[in-house]
Structures are given as C-alpha cells and as structure tokens.
Amino acid sequence: MSTQLPDQTEDESSAGEAEPTSAAQERRMAKKRERAAERDEKRQAEEAEAALADEETYHLKVFRYDPEIEGKKEPRFDDFHVPYHKGMTVLDALMYARDTYDSSLTFRHSCRQAVCGSDAMFVNGRQRLCCKTQLSDLEEPVRIEPLPHAEVVKDLVVDMEHFYDQMEAVEPYFQTNDLPDGELEEQRQSRENREKVKMSTRCIWCGACMSSCNIAAGDNEYLGPAAINKAYRFTMDEREGEDMKQQRLEILEQEHGVWRCQTQFSCTEVCPKDIPLTEHIQELKREAVKNNLKFW
Amino acid sequence: MSQSYNRGLIEDFGRWREFSAGMWAWVFHKFTGWVLVGYLFTHIAVLSTALQSPDAYTTTIQSLESLLVVRILEVGLLSVAVFHILNGLRLLFVDLGVGLEAQDKSFYASLLLTGAIAVASVPTFLAGVFG
C-alpha cells in the first residue's frame, strides 16, 4: 500500500487568500508567501541533495507517448532515478517522478490502496497494480509500460472502453424474478452461497486479466476473464433464481463466451486480488455443459 | 481519441521470457498437437505401402529404420506424444476443476516425466543403428 504523505503546502497559501485585505496586511501576506516559497525551495533543494547523497535510488524506465504533440509521437522510454524510501510502491515512485521531474508524465491513479483499480500497468513484463507492488520486489531498471493489448491514449494511460463494454455485456448487476412475499422481507443469502461467490466479488475492474489474456488479445469479441468472473458472481448467486441463471448462461455459452478460454492461467497469475479466474471460468463451462447435455 | 499504432514486442510472442507455466503448457500443447497431426500423414503414407505387397512394406520399414535420423526422430516423436498425453491429462483435470492450484506443478511434472521417458527410450530406439 502507498505510504506517501500528502503535501501540506497548499493549505497555507489558500488560507492566506481567503482573509480580508488591507494594504498592510497584503504586504504582510506577500512577505509570508515569499518566505513560504523560500522555505519550500530550500526544502526541495535539501531533499534533492539528500536524494543525491543517499545512494538508494531506483531506476525507472517509463514508456512515453503523446500523439498530440509533435516530437512525442514516437514512443520512447524515459529514465527516472527516484530516491527510495522503505515501503515505496511503484505508484509512489511514478508520482515522485511526475511531481519532481516531469509534470507531463501521465498515468491513472486514485485511491492508492488497491481498491479503485485504476493503476494497473505492465511492470517488468507483467500486469501489476502499481499501488500494491513494492519497488523492493522488483529488479532494476523497473520498466513501466501501459497495459498491453489496449490502445494507448497517452504515456501510461490506455483506452479502457472495450473492457468496460465487455463487463457490461454480462449484465453485472443483481436481478431476480422471485421476490420475497412480504414487502419488507430481505433477500437473504446463505453463508455457503456467500462463500462460493466471495472471491469473485473482489474484482476491482482494473483490466489486468484482460490485458494478460492471449485469447482476448486475438479475439475482440471474447468476453474476457473479468467479465466472465462477474457473470460467475451472479450466476452462482442462488437468490437470482433459475430463470435468471438460464438467461445468464445463455450469454456465457455463446461462441465468444466461456468456450474461448484455453486455460493458460495468465489471468489468474496476474490478478491483483487473487481471484481464481480460471477456476471460475471452468466452473461456468461445466455449468454450460450440464445445462445443455441432459441424458436423464 | 487515441491513435492506433504497433507497439511491437510488447504485444507479441517476443515476450516469451515472461511466460508463466500455464502459458508454456499451452504453447507446448499446441506445438506437440501440430507435430502429431503432421506425423499422422507420414504414418499413413508408410502404412499404405502394405497395400502394394507385404514385401514392399517390409523393405520400406527396413530402409527407414536403418537411417540414424529416423531413429532420432522416433525419440522426438515419442517425447512429443508423451508430453501431449500427460498435458492432456493435466487439462482434463483442469476441465474437471480438480487441483487448479497445482496446475503449474503438474505441468513441470509432465515435463520431467516426458524427459525421463525420452531418455529411457533411447537404448531401445537406437539399438543396432551403430552396429
């Protein structure tokens, strides 16, 4: 998880602006701001010095590409040497590089604690969630690229639209026909059933599995591991009832549904939430067979 | 929106160094499968010499078996077949949902077993070829 402290210099200046202004006060405020700026500069210089003196830096090689700017259209790798502190994640290092060296470095991130799923990237040849990947686990130089098999919008940002389309194709929400009788009655799930779908509910839509999947790369219509896992979560939910399950299986057992999976285990390997994706896909395959082959 | 361009090695098999066990198993399974399909044609070609006469078949087999290359290829064929069988069993278990946590270990096991069987078969296949 990310351990970086948020910067606190911003509140000072904004607090200064909000106060009522007289000429004298303005002068005072200006002086104060100046001093703050000076202090900031000093601190930054000190930090940079400390970083230089301190041998512990990590070498990042970051993929750069910007189709909108002449001279950046050709994809290239930029090198950053980021001072290391204990517990630093790849995301922390990227943020440091962006804040200190190149503010045009673009990447998605939000919660910094492996919940939002926005910073899946291709780090040292593997799809990883940057905010839960420790730098100390990686070999140098740490090579950071955007997710493979997706179109790059800029630098480390890829177009996720297709992934979201596939996720929505399996109707990733609870729906049921058999409602309980009483109006205030709850739809209870048994503990066993909850255990069954537990792992599949952990998906954060980061797209790492889809990017790692060799089949999804070659077949754009393939639902992909994340979407099938989402479908698993609802197909296996007993509260949805038989008709709903039937409807869900009809989506899944199409040509580009579960049958495209060739059990390469790449998705299970890269999933930052340790969801046994292949296992879920295989189980849905068996469900689909049982659904269609009836000898009794 | 983004422009499409070829990212080259990032997106193709040039990344084979980063493949994990399951991916290797898939690649090998495909490869051995195609080799076996290819072998099927030569197999039929050799067997169908028996349609002419029993002697034609015997001479074909004898002349083929006297070649060192054929003997070595036979070891290769055996290991390809053995791997395909063992990995096929592994895939059967994967399809049944049994032991998916050990899928990488079962792949390594099938590789090791294939190697052992191939080595053990060498004396049989190469017997008399040097004599």
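Residues numbered from 1 in each chain as written. Chains lettered and ligands numbered in written order. Predicted model: local features only at pLDDT ≥ 70, side-chain atom pairs only at ≥ 80, totals over all residues.

Within an unreviewed UniProt entry, the label attached to chain B reads Succinate dehydrogenase subunit C, and the organism entered is Halobellus limi. What UniProt states about chain B under its Subcellular location (unreviewed entry) heading is, verbatim, "Membrane". (UniProt positions renumbered as here; feature names shortened; annotations may be inferred.)

Going by an unreviewed UniProt entry, chain A carries the name Succinate dehydrogenase/fumarate reductase iron-sulfur subunit and comes from Halobellus rarus. For the record of chain A, the UniProt heading Sequence similarities (unreviewed entry) holds the text "Belongs to the succinate dehydrogenase/fumarate reductase iron-sulfur protein family."

Asks: Can you walk me through the domain arrangement of chain A in this structure?
Replies: Interface size is often expressed as the accessible area that is lost when the parts come together. Residue and element names in this part refer to chain A. Here the domain parsing of chain A yields domain 1 (57-153) and domain 2 (160-178 + 189-292). Averaged C-alpha coordinates put domain 1 and domain 2 at centres separated by 29 Å. On the domain 2 side, the residues contacting the 14 residues of domain 1 number 11 residues. The leading source of residues in the side of domain 1 that touches domain 2 is strand β4 (residues 126-129), at four residues. A per-class count over the side of domain 1 that touches domain 2 returns eight nonpolar, three polar and three charged. (Domains from an automatic or database assignment. Contact = placed C-beta atoms within 7 Å. Helix = DSSP H or I, 4+ residues; strand = E, 2+ residues; numbered from the N terminus. Nonpolar A, V, L, I, M, F, W, Y, C, P; charged D, E, K, R; others polar.)

Asks: What is the right way to read unusual backbone geometry from this model?
Replies: Most peptide bonds adopt trans geometry, and most residues besides glycine take a negative phi value. Residues and elements named next belong to chain A. Omega for the peptide link from E140 to P141 comes to -10°, which places this bond in the cis form. Position of P141 relative to the elements: it lies in the loop between β4 and β5 (142-145). Phi at A114 is positive, roughly 60°, even though this residue is not glycine. Its place among the elements puts A114 in the loop between α3 (90-100) and β3 (120-123).

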